[in-house]
Amino acid sequence: MGPYPGWLPTSEFTRVLAGIDGTGDRCAAFAAMCRVNTLYAVMRAGSGHLGSSFSAADVVSRLLLAELRRPFTADGDLYFSSKGHDVPGLYAAMIGLGVLDEGLLHRLRRLGGLPGHPDVHTPWMPFNTGSLGMGVSKAKGLILGDRIRGRSRRVFVLTGDGELQEGQNWEALAGAAHAGLHELTVLVDHNTLQSDTWVRDVSDLGDLVAKFRAFGWGVLRCDGNDSAEVGGALRERAARFGAGPAVIIADTVKGAGCELLAATSMPEGEWRYRYHSGAPALSEYLIAHEQLVTAADEVLARHGLDPLRPAGTDLPRRAAGTAPRLPQVYGEALTALAATDERVVALDADLLLDTGLGPFAEAFPQRLVECGIAEQDMVSMAGGLAAAGLLPFVHSFSCFLHARPNEHIYNNATEGRRIVYVGSLAGVLPAGPGHSHQAVRDVSAVGAVPGLLVLAPAGPAQVRAAVGFCATAEQSVYLRLESTPVPPEVAALRHPLPAPGHGAVLRPGGRTVALGAGPLVLGQLLRAADVLAAEGVDLTVVDLPWLNTVDPGWLGRLAGAADRILVVENHLGHGGHADTVGRALLELDLPTPPRLRGLGVNGVPVCGTDDEALHAHGLHAEQLAAVVRAWPSSPAPDRHPSRPTRRS
């Protein structure tokens with residue numbers, strides 16, 4: 001499609017910075033230009049975080065252009081974002097300064113390009129962030145390390161105000177004050193909005209100035225979208241609080257610098273900010289692009305500079321999605337269950353829309369507990385609700401639900417509390433956000449919790465059945481929901497949810513059996529079976545949605561009809577589905593067991609398009625077909641060749 005107005009080459013940044021003398025206007029022009037390139041990069045990628053990139057742009061511009069000493073050098077001052085969502089804006093600034101190659105601007109969220117959240121494999125990116133709340137602690141460790149090694153530099157960390165709901169931030173503060181970390185400055189991007197809605201409506205932070213002061217920090221406040229105020233606050237920080245750590249609360253507007261995207265343009269009473277994540281529509285892109293270029297040109301005109309010259313570009317065509325997504329189907333099923341079961345309550349961690357809870361919130365607002373970005377608190381709160389006789393359904397992205405509150409999930413299990421944990425965004429896809437958001441170790445993390453079943457439904461019918469199962473099961477359940485569109489061949493499945501530990505044959509075939517769970521794996525396996533069928537290879541495809549338990553009788557019958565069993569999983573190869581099946585198969589102690597092979601995600605999951613990620617990890621249908629094609633067809637050798645015949 002196109003051509004459309006696109007990005008600003010690095011040469012344009014060089015021209016503008018060389019032609020403007022005043023710090024304020026240099027920062028204002030630079031920030032507007034960075035917003036143009038951020039908008040373009042997110043639009044081309046099809047996803048990203050515009051709102052927080054824009055709200056932080058003026059702070060980042062001031063730091064990089066006027067405040068940091070020798071930035072992007074081995075011994076220079078260091079800046080990084082703890083929340084990480086705003087990294088498209090930081091990339092744009094680094095490209096504008098020539099620190100990153102200009103070509104990377106076109107490869108946001110692509111394999112070999114710029115990851116969706118900060119990653120240390122990107123030049124001058126000191127930490128991986130995106131899992132919230134870790135930045136202040138990382139900065140403390142770095143500064144203490146510098147002191148041990150006799151090095152001195154300042155470290156500036158950006159946090160989000162929503163991010164401050166994560167408890168680790170507050171754990172980190174007292175130690176920094178106690179150690180007198182004068183090298184550390186935290187800047188809060190106080191744009192008053194988080195993932196779904198207003199911070200005040202999720203978990204009000206109260207008097208932030210008083211809170212930070214109570215931990216022994218120097219505190220200042222400024223307009224974070226005014227370069228001069230940011231610079232003044234940084235000078236005052238050095239003058240007044242030079243002996244210890246300090247925080248600057250930068251009051252900003254989410255989407256600042258662009259009228260269309262700015263939160264100040266939200267209609268009266270609107271609760272949802274629409275540009276937190278994702279790419280805008282083409283019509284919105286064109287309006288926002290014009291507004292941003294106009295804002296920059298106004299600054300350039302004051303200095304006698306020619307207007308900006310954006311490069312023309314083609315933009316990818318994206319068809320509107322019509323395929324079902326499991327979280328949305330789940331949300332409708334949970335709402336229907338709650339209408340008949342008054343015990344059902346839902347807990348959310350600031351992901352109401354992404355976890356499908358919109359219908360539930362509308363129908364049963366009094367039974368929805370919004371916990372904010374505080375997963376440990378949420379899971380323990382669920383334990384209390386269960387103790388009160390309710391049935392809590394606990395929601396977040398899988399990457400955040402299984403890890404940080406893992407001890408709390410175990411604690412609930414030791415109390416025998418029945419709780420349903422619902423992790424959306426499970427698995428390696430979508431791959432664009434990067435490894436901080438790709439849950440590929442959740443099965444191994446929760447699979448050993450006593451009394452907890454791990455269930456990965458495949459399609460809409462199975463999700464509805466899974467919700468019904470959760471309501472009546474004696475055990476707690478970890479419901480693993482993938483968030484990408486369900487492939488049509490999986491969406492069409494109508495087989496019932498098998499009993500715990502049992503599977504279902506989706507495609508009868510020969511004695512080579514491919515076993516998996518969830519829409520991604522089953523979709524690829526069914527397509528691989530089609531590829532192989534054209535070559536005369538008849539692959540049996542089996543759905544085993546229970547990821548941490550296998551019924552011995554069912555597995556014995558499956559093994560008796562198989563020479564080879566291939567277990568494919570949307571998870572790391574260790575501690576997941578293949579390990580569960582493999583151990584159960586060994587414990588059957590069959591005289592001639594089938595050969596077994598497991599295929600899963602190898603290593604840290606890659607960032608890129610979905611197709612790039614599937615190929616990178618060997619999970620694409622063509623690759624799975626190649627594995628079957630190259631695998632010896634004979635059964636495994638007799639494990640007991642000298643075993644005596646049993647006497648009758």
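What you see is a predicted model, and the numbers here were worked out from it, not measured in a lab. Sequence order sets the numbering: in each chain, residues are counted from 1 along the sequence as written. Given that this is a predicted model, residues contribute local features only at a pLDDT of at least 70 and side-chain atom pairs are listed and counted only at 80 or more, while totals for whole chains, interfaces and linings are drawn from all residues. Side-chain numbers come from the whole structure's heavy atoms, not from hydrogens or water.

Asks: Help me get a handle on the side chain of Ser 61, residues and values and all.
Replies: Inspection of the secondary structure puts Ser 61 in helix H3 (residues 50-67). Here Ser 61 falls in the buried class, since its relative accessible area comes to 1%. Among the polar contacts made by the side chain of Ser 61, one reaches the main-chain carbonyl oxygen of Ala 57 at a distance of 2.8 Å. Here Ser 61 is in contact with Cys 27, Phe 30, Ala 31 and Ala 66, once residues within four sequence places are set aside. Here a helix means four or more residues in a row that DSSP labels H or I, a strand means two or more in a row labelled E, and each is numbered from the N terminus. Any residue under 20% of the maximum accessible area for its type is buried, any over 50% is exposed, and the rest in between are partly exposed; the area is computed with a 1.4 Å probe on protein chains only. Residues adjacent in sequence count toward polar contacts only when both atoms are side-chain atoms; beyond that, a polar contact is any pair of N or O atoms within 3.5 Å, and within protein one must be able to donate a hydrogen and the other to accept it. Working rule for contacts: check all heavy atoms of both residues, and any pair within 4.5 Å makes them a contact.

Asks: Can you tell me about the environment of Arg 318, naming the residues and giving the values?
Replies: For Arg 318, the location among the structural elements is in the loop between strand S7 (312-313) and helix H11 (326-340). By relative accessible area, Arg 318 is classed as partly exposed at 42%. In this structure the C-alpha to C-alpha distance between Arg 318 and Ala 456, which are 138 residues apart in sequence, comes to 29 Å. Sequence-distant contacts of Arg 318, defined by excluding residues within four places in its chain, comprise Met 43, Arg 44, Ala 45 and Gly 46.

Asks: Talk me through the packing of aromatic side chains; I want residue IDs and the actual numbers.
Replies: Classification of ring pairs rests on two measures: the distance between centres of Phe, Tyr or Trp rings, Trp counted by its six-membered ring, which must be within 6.5 Å, and the angle between planes, read as stacked under 30 degrees, edge-to-face over 60 and tilted in between. Counted according to the given criterion, the structure contains 10 aromatic pairs. When the ring of Phe 72 is compared with that of Trp 124, the centres are 6.4 Å apart and the planes differ by 65°; the resulting orientation is edge-to-face. Residue Phe 72 is found in the loop between H3 and strand S2 (78-81), and its partner Trp 124 is found in the loop between helix H4 (87-96) and helix H5 (135-148); the two are separated by 52 residues along the sequence. Ring geometry for Phe 469 and Trp 546: centres 5.2 Å apart, planes at 65°, overall edge-to-face. Within this pair, whereas Phe 469 is found in helix H17 (residues 460-472), its partner Trp 546 is found in the loop between strand S16 (539-543) and helix H20 (552-560), the two being separated by 77 residues in sequence. In terms of burial, Phe 469 and Trp 546 fall into one category: buried. Three or more aromatic residues joined by ring pairs make a cluster, and in this case those are Trp 170, Phe 212 and Phe 215. Criterion for a charge above a ring: Lys NZ or Arg CZ within 6 Å of the ring centre, and within 35 degrees of the ring normal. Over the ring of Trp 198 we find Arg 200; its NZ or CZ atom is 4.8 Å from the centre of that ring. Between the NZ or CZ atom of Lys 211 and the centre of the ring of Trp 170, over which it lies, the distance is 5.8 Å.

Asks: Describe the environment of Ile 143, naming the residues involved and giving the relevant values.
Replies: Within the secondary structure layout, Ile 143 lies in helix H5. Separated by 10 residues in sequence, Ile 143 and Arg 153 place their C-alpha atoms 8.0 Å apart. Excluding residues that lie within four positions of it along the chain, Ile 143 makes contacts with Val 155, Leu 181, Glu 183 and Leu 184.

Asks: Give me the lowdown on the state of the cysteines, citing residues and values where you can.
Replies: Criterion for a disulfide: a pair of cysteine sulfur atoms within 2.5 Å. The final tally for this structure, using the stated rule, is 0 disulfides. No disulfide involves Cys 27; its sulfur sits 10 Å from the nearest other cysteine sulfur, which is in Cys 34. According to the relative accessible area criterion, Cys 27 is buried, its value standing at 2%.

Asks: Any details on the nonpolar core? Residues and values, ideally.
Replies: Membership of the largest hydrophobic core comes to 83 residues, with the highest contact counts inside it found for Tyr 330, Leu 334, Phe 360 and Phe 393. A total of 8 residues in this core trace back to one element, the largest contributor, which is helix H19 (residues 518-533). Phe 393 has contacts with Tyr 330, Leu 334, Leu 337, Val 344, Val 345, Ala 346, Leu 347, Val 420, Val 422 and Cys 470, leaving out every residue within four places of it along the chain. Within the second largest apolar cluster, 71 residues are counted, among which are Phe 13, Phe 54, Leu 64 and Ala 296. By nonpolar core we mean a set of buried residues, namely Ala, Val, Leu, Ile, Met, Phe, Trp, Tyr and Cys, connected to one another through side-chain atoms within 4.5 Å.

Asks: Please give an account of helix H10 (residues 282-302) that cites residues and values.
Replies: Between its first and last C-alpha atoms H10 spans 31 Å; for 21 residues at 1.5 Å apiece the expected length is 30 Å, and the two agree. The set of residues buried in H10 consists of Glu 284, Tyr 285, Ala 288, His 289, Leu 292, Val 293, Ala 296, Val 299 and Leu 300. Buried residues of H10, seen end-on, are gathered within an arc of 150° and therefore sit on one face of the element. For H10, exposure combined with an orientation more than 90 degrees from the buried face picks out Glu 290, Ala 301 and Arg 302. For H10, the elements touching its buried residues are strand S1 (4-5), helix H1 (10-19), helix H2 (23-45) and H3. Gly 304 occupies a position one or two residues after H10 and carries a positive phi of about 70°. Multiplying 1.5 Å by the helix residue count minus one yields the expected span of that helix. Directions from the helix axis toward the C-beta atoms define the arc.

Asks: Explain the pattern of salt bridges to me, using residue names and the numbers behind them.
Replies: We define a salt bridge as a side-chain nitrogen of Lys or Arg found within 4 Å of a carboxyl oxygen belonging to Asp or Glu. Counting across every chain of the model gives 26 salt bridges. Arg 153 is the salt-bridge partner of Asp 146, the closest N and O atoms lying 2.8 Å from each other. Of the two residues examined, Asp 146 and Arg 153, each falls in the buried class. Of the charged contacts, one joins Arg 527 and Glu 489 as a salt bridge, the two residues approaching to 2.5 Å between their closest N and O atoms. Taken as a pair, Arg 527 in helix H19 and Glu 489 in helix H18 (residues 488-491) lie far apart in primary sequence, 38 residues in all. Salt bridges sharing partners connect three or more residues here, namely Glu 12, Arg 15 and Arg 309.

Asks: Now, about the confidence of the model for the chain: what can you tell me, with residues and values included?
Replies: The score called pLDDT rates the predictor's confidence residue by residue, from a low of 0 to a high of 100. Taken as a whole, the chain shows an average pLDDT of 94; of its residues, 97% reach a score of 70 or greater. Overall, residues 642-648 carries pLDDT values under 50, and its contacts beyond four positions in sequence, including any with other chains, amount to 1 contact.

Asks: Can you break down the sheet that holds strand S12 (residues 452-455) residue by residue, with the values?
Replies: Taken together, 6 strands build an open sheet; the order of strands is S9-S8-S10-S11-S13-S12 and the sheet is parallel. Looking at the sheet topology across the chains shown, the edges are occupied by strand S9 (368-370) and S12. Taking the axes of each pair of neighbouring strands and ignoring which way they run, one obtains an average angle of 20° across the sheet. Two strands form a pair only when DSSP identifies at least two bridges running between them. As defined by bridge partners, S12 adjoins strand S13 (residues 476-480) across 4 bridges and the pair is classed as parallel. Of the residues in S13, the one forming a bridge with Leu 452 is Ser 476. Lines fitted to C-alpha atoms define the axes, with helix axes restricted to the stretch in contact, and inter-axis angles between N-to-C directions lie between 0 and 180 degrees.

Asks: A description of the pairing of strand S5 (residues 218-223) should follow, citing residues and the corresponding values.
Replies: As paired elements, S5 and strand S6 (residues 246-251) share 6 bridges and run parallel to each other. Within S6, the residue paired with Asp 223 across the bridge is Asp 251. Regarding the hand of the β-α-β motif, the stretch spanning S5, helix H9 (residues 227-240) and S6 is right-handed. The handedness rule is simple: strands pointing away from the viewer, and a clockwise path from the first strand over the helix to the second, make the crossover right-handed.

Asks: Can you lay out the pairing of S16 for me, pointing to particular residues and giving the numbers?
Replies: Counting buried positions along S16 yields 5 of 5 residues, so the element is predominantly enclosed. The two faces of S16 match: Leu 539, Val 541 and Asp 543 on one face and Thr 540 and Val 542 on the other face are all buried. One ladder, built from 3 bridges, connects strand S14 (residues 504-507) with S16; its direction is antiparallel. From the neighbouring strand, Ala 504 faces S16, where its bridge partner is Asp 543. Pairing of strand S15 (residues 512-516) with S16, which is carried by 5 bridges, proceeds in the parallel orientation. Residue pairing across strands places Gly 516 opposite Asp 543, the latter belonging to S16. Taken together, S15, H19 and S16 constitute a β-α-β crossover, and its handedness is right-handed.

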